[in-house]
Amino acid sequence: MSRATRELTLGPLDSKLIEPIQIVARVRNSTICDVNVRANYVQRNIEKFAQGKDIFTGVFLVERVCGICSHAHTTPYCQAVERIVNQNPSEQAKYIRVIVAELERIQSHLLNLFEIVHLVGKNHLPLKILKSREAILDLLEMLGGNRVHYGVNKIGGVRCDINTKIKQKIVKGLEREKLQTKEYLGLIEGADMRHRMENIGFLPKEKAKDVAVGPPARASGVDFDLRRDAPYAAYDKVGVDVKLRTEGDVMSRASLRLEELLESIEITKRALDRLPASKDIYGVSEIGWGHATSRVEAPRGENRYSIQIDEKGLLQKLGIRTPTYSNLRVLRDILLEQNTDDLEIILLSIDPCVSCACRHIYI
Amino acid sequence: MVSMTPHSLRCFLIFGKLFIHAGSPLHRDWMRTGKKTKERYSKEQYICPGQRNTRLFHINVGSCNGCDIEVYALSMFGYEFVNDLTVADVILACGAVTKPMSPILEQTLNKTQNTPVIAVGTCAISGIVFGGDKVLGPVDKFTPTEVYVFGCPPRPKEIMQGISMALKRGGSCYV
C-alpha cells in the first residue's frame, strides 16, 4: 500500500470528449480520491450580449446557447416573453412545440447512447445508432429546414406547420425508430454492457433530490418531471408517463434514457393524433415590459429562463439556468472512490453539455 | 556570417542562404504553395488514396455543439478521430474563439508542421453575432486557415467536401 497520490488529467482536448471540459483527479492506488472540474472553456456570455437587443433577436441568440437541445432553449424564452406581452400561442402551435421537443429528446438521448457505446468499444453498434439518429434529424429537417438549429419557435407561435403528408412521414419514421430502440435496450441490458456499467458511479437519492435534475435524478428514484408536474405547452393534454429507476448507477441512467426515448415516441404519436387542423400558428407580437420566469424539461433536465424587458421593449436582463449546471455539481460525489478506468463512462453517464453549463453569473 | 531575423519569423540567413525553422509561419506558407512538396513527402511518407482512413483532429474552440455533432457524424463514413496532432491529416476547428480557449489553440497549433486547418461553421469563419470581452474572434485571427466551410451548422457532406479540398491542396491524401 503506497500512500503517494498522483494527478490524472482528462481534457480539455480529447477525442473521447466532444466538448472541452477538464477533469483533474487525484489518484491513489488507481482509486480517485479528489476531483476538480473546470468547464468554462466555451463561455461566450450570451446573456451579457443579449442586453439591449430586442426580443426577436433574442430568439436567435438563445438558440445558439446549445446545439443539441436548441428547441429546449427557445421554448422557455418564448414562453417567458409571451407571458410578459400577454399573448398566448394557439393550440396548434403548442402541439407543434411538443412534437419538436420530443423529437429533439429522441436525438439527444441517441447521441448520449452513441458516446457510451463508442467508449465501451463496440465495433458496429455506434455507427448503427448514429444512422438511426440521422433518421430523426431528417424528420426535424423536414419540419424546420435545418438539421441542428431548426428555429421552429417564434414569439407567440411557431414558424412551420404540420400537414397530413408530413404527419404520415413522422409516424412511419417513429415506428422504425421504436423497433431499433427496443433492440438497443436489449443490447444495453445484455451481459457484457451490464458488466461494464453496473455498480459504478452510484448517486444516492438524498443527494439527487438536493442537486440533480433530469434523467440522473430520475434514475436515483426522484419522481419529478416538469412535463407532468408543471405542464407547459400542450403536455397537460397529451399526458406523460414518467419513467423511474431506483438503482442510481451508470447502468440505470443509460437504460432510463432509452425507456424515456420509447415514451417520447408515444408522446409524439399522441400529439400528432390530437393536432388541431387550424392554420393559426403564427403569432403577432406586441410590445410590453415586465419580468417573467419560465421553465421546461430539456432532454437533460430542468431548464429555467428569467427575463426582464424594459419600457422600450428591449431585453434588460436574461438569466439562464441549464440542467448541466446542476448535474456537474453531482460529478464530484459520484466519482469519489471509483476506479480510474471508469472516469470517462461516469462522466458521460450524466450527459454533460458543456456549452450549456458555461454561464454568465450575476452577482 | 549569420544574421538574425525577427524571432517571430523564426528564420535566419547563413552565407546568403535562407534557412527556415520547421513549423514557422513562413515554412507553413511554403508548404502550402507546394514549392517544397517533393522534399517534404518522400516515398515512405506519401500516402496513396484509399490506403487508410483519413485522420481528423477536432478542436472545439467555443462552439455550441452544433458543428461538433455534425463533425462526429463523419465517423459513419470511416473517418478516424485522433488525440495526437502529429498523425492527423487535417485539423477541424469549430466555433468562435473564446478567451480561455485561445492559449490552448495557439499551443496546439505550434506543434503542427503543415497540417491544414479547416474552419467549420459560420462562428469559426466570422464569429457570427458573438462579441464582447469573452469572444476574441474567428479562427483565422489566430492561425492561417486553409478551407472555410459555411453553414450554421454545415452538413456532414459539406464538411467532407472541405476536407477533400484541404487534402488535395496539401497533396498528402485524398478522401
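These remarks concern the structure in this document. (Residues numbered from 1 in each chain as written. Chains lettered and ligands numbered in written order. Predicted model: local features only at pLDDT ≥ 70, side-chain atom pairs only at ≥ 80, totals over all residues. Heavy atoms only, no water.)

1. Thoughts on the overall build of chain B
Along its length, chain B carries 6 helices and 10 strands. Sorting the 175 residues of chain B into buried and exposed places 50% on the buried side. Put simply, 70% of the contacts in chain B that link residues at least 6 apart link residues at least 24 apart. With an accessible surface of roughly 8,500 Å², chain B has 57% of that area assigned to carbon and sulfur atoms. (Helix = DSSP H or I, 4+ residues; strand = E, 2+ residues; numbered from the N terminus. Buried < 20%, exposed > 50% of the residue type's maximum accessible area, 1.4 Å probe, protein only. Contact = heavy atoms within 4.5 Å. Areas by Shrake-Rupley, 256 points an atom, 1.4 Å probe, with all protein chains shown as cover.)

2. Quick look at the interface of chain B and chain A
On the side of chain A, 40 residues touch chain B, which itself brings 35 residues to the contact. Here chain B and chain A share an interface that buries about 3,200 Å² over both sides, 64% of which is from carbon and sulfur atoms. Between Glu70 of chain B and Arg147 of chain A there is a salt bridge; the shortest N-O distance is 2.8 Å. Run the count over chain B and chain A and you get 8 residue pairs in polar contact (both at pLDDT 80 or more). Counting only elements with at least two residues in the side of chain B that touches chain A, the list comes to strand 4 (55–60), helix 3 (66–72) and helix 4 (102–110) of chain B. Looking at which element gives the most residues to the side of chain B that touches chain A, the answer is helix 3 of chain B, with 5 residues. Along the lines of polarity and charge, the residues of the side of chain B that touches chain A split into 19 nonpolar, 11 polar and 5 charged. (Buried area = accessible area lost by both parts, 1.4 Å probe. Salt bridge = Lys/Arg side-chain N within 4 Å of Asp/Glu carboxyl O. Polar contact = N/O pair within 3.5 Å; in protein donor to acceptor, adjacent residues only side chain to side chain. Nonpolar A, V, L, I, M, F, W, Y, C, P; charged D, E, K, R; others polar.)

3. A look at the packing of helix 3 (residues 71–85) of chain A against helix 4 (residues 91–120) of chain A
Residues and elements named next belong to chain A. For the pair helix 3 and helix 4, interaxial distance at closest approach is 10 Å and the crossing angle is 150°. With respect to each other, helix 3 and helix 4 are oriented roughly antiparallel. In this structure, helix 3 contributes His71, Ala72, Thr75, Cys78, Gln79 and Glu82 to the contact, and helix 4 contributes Arg97, Val100, Ala101 and Glu104. Each residue belonging to the contact of helix 3 with helix 4 can be placed in one class, and the counts come to 4 nonpolar, 3 polar and 3 charged. (Axes fitted to C-alpha atoms, helices over the stretch in contact; angles between N-to-C directions. Parallel < 35°, antiparallel > 145°, perpendicular 65-115°, else oblique.)

4. Considering the sheet that holds strand 3 (residues 31–38) of chain A
Residue and element names in this part refer to chain A. The 3 strands are arranged 1-2-3 in an open sheet whose pairing can be described as antiparallel. Each edge of the open sheet is held by one strand with a lone partner, namely strand 1 (6–10) and strand 3. Across the sheet, the mean angle from the axis of one strand to that of its neighbour is 25°, orientation sign disregarded. Sheet topology places strand 2 (residues 22–28) next to strand 3; 7 bridges connect them, and they run antiparallel. From the neighbouring strand, Arg26 faces strand 3, where its bridge partner is Asp34. Packed on one face of the sheet, helix 13 (residues 323–335) meets strand 2 and strand 3 and runs near 165° to strand 3. (Pairing = 2+ DSSP bridges.)

5. Quick look at the packing of helix 4 of chain A against helix 6 (residues 164–188) of chain A
All names here are of chain A. The geometry of helix 4 relative to helix 6 is characterised by a closest axis approach of 13 Å and an angle of 30° between their N-to-C directions. Relative to helix 6, the element helix 4 is oriented roughly parallel. Regarding helix 4 and helix 6, the two cross each other, and that crossing is left-handed. When helix 4 is examined against helix 6, the residues Leu103, Ile106, Leu110 and Leu113 are found in contact with a partner set consisting of Leu174, Glu177, Tyr184 and Ile188. (Left-handed = near helix turned anticlockwise from the far one by under 90°.)

6. Things to note about the pairing of strand 8 (residues 315–321) of chain A
Each regular strand carries side chains that alternate between the two faces of the sheet. Residue and element names in this part refer to chain A. Taken together, the 6 bridges between strand 7 (residues 301–309) and strand 8 define a ladder with antiparallel strand orientation. Counted as the bridge partner of Ser306 is Gly319 from strand 8. In sequence, strand 7 turns back onto strand 8 through a hairpin of 5 residues, with Gly313 there showing a positive phi of about 85°.

7. Looking at helix 5 (residues 125–144) of chain A
Counted at 1.5 Å a residue, the expected span for helix 5 of chain A with its 20 residues is 28 Å, and the 29 Å between its end C-alpha atoms agrees. Backbone geometry just downstream of helix 5 of chain A places Gly145 of chain A in the positive-phi region, at approximately 100°. (Expected span 1.5 Å × (residues − 1).)

8. Considerations on the sheet that holds strand 10 (residues 147–149) of chain B
All names here are of chain B. The strand order across the open sheet formed by 5 strands is 5-4-6-8-10, and the pairing between neighbours is parallel. Every other strand in the sheet has two partners, leaving strand 5 (80–81) and strand 10 as the edge strands with one partner each. Relative to strand 5, strand 4 runs parallel, the two being bridged by 2 bridges. Across the sheet, the residue bridging to Leu56 is Phe81, located in strand 5.

9. Topic: the packing of aromatic side chains
In the structure shown here, the tally under the stated rule is 2 aromatic pairs over all chains. For the ring pair Tyr232 of chain A and Tyr235 of chain A, a centre distance of 5.1 Å and an interplane angle of 70° mean the geometry is edge-to-face. We classify Tyr232 of chain A as buried; its relative accessible area is 10%. With a relative accessible area of 2%, Tyr235 of chain A lands in the buried category. Judged by centre distance (4.4 Å) and plane angle (5°), the ring pair of Tyr72 of chain B and Phe81 of chain B falls under stacked. This pair shows no difference in class: Tyr72 of chain B is buried, exactly as Phe81 of chain B is. Across from the ring centre of Phe49 of chain A, 4.3 Å away, lies the NZ or CZ of Lys53 of chain A, which sits over that ring. Looking at Arg64 of chain A, its charged tip hangs above the ring of Phe60 of chain A, at a distance of 4.0 Å from the centre. (Phe/Tyr/Trp six-rings, centres within 6.5 Å; stacked < 30°, edge-to-face > 60°. Lys NZ or Arg CZ within 6 Å of the ring centre and 35° of its normal.)

10. Some thoughts on the nonpolar core
Leu103 and Met197 of chain A are the most contacted members of the largest nonpolar core, which has 96 residues in total. Broken down by element, the residue count for this core peaks at 15 residues, all from helix 4 of chain A. For Met197 of chain A, the residues in contact, after removing those within four places along its chain, are Ile116, Ile188, Asp249, Val250, Met251, Ala254 and Ile345 of chain A. Of all hydrophobic cores here, the second largest spans 24 residues; its members include Val59, Ala80 and Val81 of chain A together with Ala96 of chain B. (Core = buried A, V, L, I, M, F, W, Y, C linked by side-chain atoms within 4.5 Å.)

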